[in-house]
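Here is what each chain is made of, one letter per residue.
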Amino acid sequence: MSFKTTGVSVTQKITSQHGEWSSRFAFILAATGSAVGLGNIWKFPYITGENGGGAFVIVYLLCVVAIGIPIMIAETMLGRRGRESPINTMASLATEAKAHKNWRYLGWMGVIAGFLILSYYSVIAGWALSYVGKSFVGSFSGEDASTISAIFSDLMNSPVEQIFWHSIFMLATMLIVARGVKSGLETAVRFLIPTLFVLLILLVGYAMSTDFYKQGLSFLFSPDFSEIDADAVLTAMGHAFFTLSLGMGAIMVYGSYLPKNISIAKTSIIIAGADTLVALLAGIAIFPLVFANGLEPSAGPGLIFQTLPIAFGHMSGGWLFGLLFFILLVLAALSSSISLIEPAVAFLVENKKIARTKACIVMGFSTWAVGVTVALSFNVWSDVSIFGKDIFNLLDYITANLMLPLGGLCIAIFAGWIMKPEHSAAELDLPDTNYFKIWKFLITYVAPTAVFIVFVHVIGII
Ligand code: PFF
């Protein structure tokens, strides 16, 4: 099928020029693949540890329900109505709503956020890749906490090793995205998510067998609100966006490949539910091990790399288990990284008329270059500080805490205030008008107000 990609009335577009998901299940898998990743298994535990545990988890869960799910529905809906890269989708939906063309800059911000996130995401995924190798050669077997910590420090202190694995990961991302929507993205996630679930449940089983299971659970679920300040709330909210892949067009571009007859609301709830479950399972598996081995919950980005290998090194069958776990972590990261780069690639293909492969090479190489500076920020450039943060923490803060919530805020404003309700109602096609009213209320008032209040608090105005 061929049609013009820009300037066409959005209502005419039946499918995307880039292809479509083959089924509802395929979309759920791909979007869950985007959502479930390092954010759940690597980031959620360490930021929960840094922010005092239970109270942080509650704020995060509230953000997922009251802000994340309505925005996920909105973002998917905008994508399916526009059927183009987020930049062109926002431009054509603005035309349809007789709003200003500048809404396309929302798409631009998303493309930039995705680019910046991927640059550090790929470095961390590289750590996981190097742990696949270390598991394979049995580096962890029988080792105690201090040896495992030393293995992690060695990796941190080696720019060459980090850059090597980061390069391999970026290459893998580029190869998959170059193959396109169906053959590349869909096949990659089909077996990944179910296996990841099973492994996490087995790990939880192991954590239950330690004497510190209760202590881990209580750290995760007993709230102490004195631990929480405005910045922790911002981190929790930012993480809700990060973990659900919201606010930067990843879910929008996946929505643009969604066939017409599929319920957006139902799929969004399933995806958010699965994502939250994975994060909580990861937390339940990790904190008992943190306490059992006298480690600090606030150990930072190295937390899972310093705890889980201890478990793998001691449990029976731990060699295979550890190997499988890190392979799956890499695959989960891959199914997210492809969605971080897809909005930019779709845009280059649509507007610059270049082939998908070339678009992947251009984007992949630039992302890789920024990633190299991130790898260096853990060692030779660890003294480089911008706004009081090293390069990794700066990129993480700007993207997850600022750009994604800002993007989400704009999506909520567009879906709630700018888009004609008859258009959003038609696109969502909910079975009951009350459901539509609930979503409309959440997206028009609750989500934007919540994001706005958190921003204002952090800036220190209130
Ligand atoms: N949701 C992914 C994770 O939790 O690892 C990260 C991510 C993917 C963030 C795609 C944003 C995005 F657009």
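Just so it is clear, the structure is predicted and the values come from calculations on it, not from any experiment.

Quick notes on unusual backbone geometry
A negative phi holds for most residues other than glycine; trans holds for most peptide bonds. Positive phi, normally seen in glycine, also occurs at Lys98, with a value near 55 degrees. Note that Lys98 resides in the loop between α4 (86-96) and α5 (104-136). Residue class for Lys98 comes out exposed when judged on its relative accessible area of 73%. A positive phi angle, close to 55 degrees, is found at Lys353, a residue other than glycine. Within the element layout of this structure, Lys353 appears in the loop between α15 (318-351) and α16 (356-377).

Focus: the nonpolar core
In this structure, Trp127 and Phe325 are the most contacted members of the largest nonpolar core, which totals 167 residues. Tallying contributions element by element places α15 first for this core, with 19 residues. In this view, Phe325 contacts Ile41, Leu199, Leu200, Leu203, Leu308 and Phe312; residues no more than four positions away in its chain are not counted.

Quick notes on the site of the ligand
Taken together, 15 residues sit near the ligand, with Ala35, Gly39, Tyr121, Phe242 and Met248 positioned nearest. At 2.9 Å from an oxygen atom of the ligand is found a main-chain nitrogen or oxygen belonging to Ala35. Phe242 is positioned such that a nitrogen or oxygen atom in its backbone is 2.8 Å from a nitrogen atom of the ligand. Of the residues assigned to the shell around the ligand, the class counts are seven nonpolar, eight polar and no charged.

Topic: helix α19 (residues 433-459)
In this model α19 runs 38 Å from its N-terminal to its C-terminal C-alpha over 27 residues, within 8% of the 39 Å that 1.5 Å per residue would give. Within the sequence span of α19, burial applies to Phe436, Trp439, Lys440, Ile443, Thr444, Ala447, Pro448, Val451, Val454, Phe455 and Val456. Taking the backbone nitrogen of Asn434 as reference, a side-chain oxygen 2.8 Å away marks Asp432 as the first, capping residue of α19.

Section: the confidence of the model for the chain
Per-residue confidence for the chain gives a mean pLDDT of 90; residues scoring 70 or more make up 95%. Ranking the elements of the chain by mean pLDDT puts helix α8 (residues 181-190) last, at 66, and helix α3 (residues 54-82) first, at 97. Of the regions scoring below 50 in pLDDT, residues 1-12 engages in 22 contacts with residues more than four places distant in sequence or in other chains.

Quick look at the packing of α4 against α5
Packing of α4 against α5 leaves a shortest axis separation of 7 Å and a crossing angle of 165 degrees. Accordingly, the angle class assigned to the pair α4 and α5 is roughly antiparallel. The handedness of the crossing between α4 and α5 comes out as right-handed. Across the interface between the two elements, Pro86, Ile87, Met90 and Ala91 from α4 touch Arg104, Leu106, Gly107, Trp108 and Val111 from α5.

Let's talk about the packing of aromatic side chains
A full pass over the atoms with the stated rule returns 28 aromatic pairs. Note on Tyr121 and Phe242: the rings are 6.2 Å apart at their centroids and 50 degrees apart in plane angle, and the pair reads as tilted. Here Phe242 lies in helix α11 (residues 230-243) and Tyr121 lies in helix α5, a separation of 121 residues in the sequence. Note on accessibility: Tyr121 and Phe242 belong to one class, buried. If you follow Lys43 out to its NZ or CZ, it ends over the ring of Phe242, 4.3 Å from the centre. If you follow Lys389 out to its NZ or CZ, it ends over the ring of Tyr397, 4.5 Å from the centre.

Describing the environment of Ile112
Its location among the elements puts Ile112 in helix α5. On a C-alpha basis, the gap between Ile112 and Ala66 in space is 26 Å, while along the polypeptide they are 46 residues apart.

Things to note about the pattern of salt bridges
Scanning all chains against the criterion turns up seven salt bridges. Note that Arg81 is salt-bridged to Glu427, the shortest N-O span being 3.0 Å. With Arg81 in helix α3 and Glu427 in helix α18 (residues 421-428), this residue pair connects regions lying 346 residues apart in the sequence. Neither residue differs from the other here; Arg81 and Glu427 are each classed as buried. Where Lys134 meets Glu161, a salt bridge forms, and the shortest distance between an N and an O atom there is 3.0 Å. Note that Lys134 is positioned in helix α5 and Glu161 in helix α7 (residues 159-178), a separation of 27 residues in sequence. Residue Lys134 is classed as buried on the basis of its relative accessible area of 14%. Looking at Glu161, the relative accessible area reads 24%, which means it is partly exposed. Beyond isolated ion pairs, a larger network of salt bridges with shared partners links Arg80, Arg81, Glu96, Lys260 and Glu427.

Regarding the packing of helix α2 (residues 38-50) against α3
Helices that pack against each other are described as a pair by the angle of their axes relative to one another and the distance between those axes. Packing of α2 against α3 brings their axes to within 8 Å, and their N-to-C directions diverge by 130 degrees. With respect to each other, α2 and α3 are oriented oblique. Remark: the crossing between α2 and α3 carries right-handed chirality. Residues Phe44, Ile47 and Thr48 of α2 form the contact with α3, whose participating residues are Phe56, Val57 and Tyr60. Its residues assigned to classes, the contact of α2 with α3 shows five nonpolar, one polar and no charged.

Section: the environment of Asp211
Here Asp211 shows up in the loop between α9 (192-208) and α10 (213-221). Overall, Asp211 belongs to the exposed group, its relative accessible area being 74%. Each C-alpha atom, one on Asp211 and one on Ala125, is 31 Å from the other, the two residues being 86 residues apart in sequence.

Side note on the side chain of Arg83
Mapped onto the elements, Arg83 comes out in the loop between α3 and α4. On the basis of relative accessibility, which here comes to 1%, the residue Arg83 falls in the buried class. In terms of polar contacts, Arg83 uses its side chain to reach the backbone carbonyl oxygen of Ser256, at 2.7 Å.

Conventions used here
Residues numbered from 1 in each chain as written. Predicted model: local features only at pLDDT ≥ 70, side-chain atom pairs only at ≥ 80, totals over all residues. Heavy atoms only, no water. Helix = DSSP H or I, 4+ residues; strand = E, 2+ residues; numbered from the N terminus. Buried < 20%, exposed > 50% of the residue type's maximum accessible area, 1.4 Å probe, protein only. Core = buried A, V, L, I, M, F, W, Y, C linked by side-chain atoms within 4.5 Å. Contact = heavy atoms within 4.5 Å. Near = heavy atom within 4 Å. Polar contact = N/O pair within 3.5 Å; in protein donor to acceptor, adjacent residues only side chain to side chain. Nonpolar A, V, L, I, M, F, W, Y, C, P; charged D, E, K, R; others polar. Expected span 1.5 Å × (residues − 1). pLDDT = per-residue confidence, 0-100. Axes fitted to C-alpha atoms, helices over the stretch in contact; angles between N-to-C directions. Parallel < 35°, antiparallel > 145°, perpendicular 65-115°, else oblique. Left-handed = near helix turned anticlockwise from the far one by under 90°. Phe/Tyr/Trp six-rings, centres within 6.5 Å; stacked < 30°, edge-to-face > 60°. Lys NZ or Arg CZ within 6 Å of the ring centre and 35° of its normal. Salt bridge = Lys/Arg side-chain N within 4 Å of Asp/Glu carboxyl O.

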